[in-house]
Amino acid sequence: MGKLLLWIGVVAVVVAMMKLSTILQRKSERAADRRVPGRSGKGELMLRCDHCGVHFPAEEAERDAGHVYCSPEHRRAGARP
Ligand SMILES: [Zn+2]
């Protein structure tokens, strides 16, 4: 009887670990999706302002020294870490 309980415990642990790894895998897949450069519904490239962090269409970008900004004001203010 003791051995049967042990086996049930082992099976339960294995099933729990398999479920956990599936959940973690799904989470990392979702995180990977978020890392893909943002594109709006129309396939328009979106950039992130280096000053305020807002996303805006690439064609409206203010560029300076490798940084992109949403507006001339933020370009003058510069990048924030
Ligand atoms: Zn900005």
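The preceding data block contains the structure.
Criteria and thresholds
Residues numbered from 1 in each chain as written. Predicted model: local features only at pLDDT ≥ 70, side-chain atom pairs only at ≥ 80, totals over all residues. Helix = DSSP H or I, 4+ residues; strand = E, 2+ residues; numbered from the N terminus. Buried ≥ 20, exposed ≤ 12 C-beta atoms within 10 Å, placed from the backbone. Contact = placed C-beta atoms within 7 Å.

(A) Representation of the overall build of the protein chain in the model. Secondary structure assignment for the protein chain yields 2 helices and 4 strands. Order of helices (α) and strands (β) in the protein chain, N terminus to C terminus: α-β-β-β-β-α. Buried residues in the protein chain amount to 9% of all 81 residues. Considering only contacts within the protein chain whose residues lie at least 6 apart along the sequence, 13% involve residues at least 24 apart.

(B) The arrangement of unusual backbone geometry in detail. The backbone of Ala-65 shows a phi angle near 50 degrees, a positive value even though the residue is not glycine. As for its position among the elements, Ala-65 is in the loop between strand E3 (62-64) and strand E4 (67-69). Among the residues examined, Ala-65 registers 8 C-beta atoms within 10 Å and is labelled exposed.

(C) Region of the structure containing the environment of Ala-58. Relative to the assigned elements, Ala-58 resides in the loop between strand E2 (55-57) and E3. The class for Ala-58 is partly exposed, based on 13 C-beta atoms found within 10 Å. Excluding anything up to four places from it in sequence, Ala-58 contacts Leu-45, Met-46 and Leu-47.

(D) Quick look at the environment of Glu-59. For Glu-59, the location among the structural elements is in the loop between E2 and E3. In sequence terms Glu-59 and Met-46 are 13 residues apart; their C-alpha atoms lie 8.7 Å from each other.

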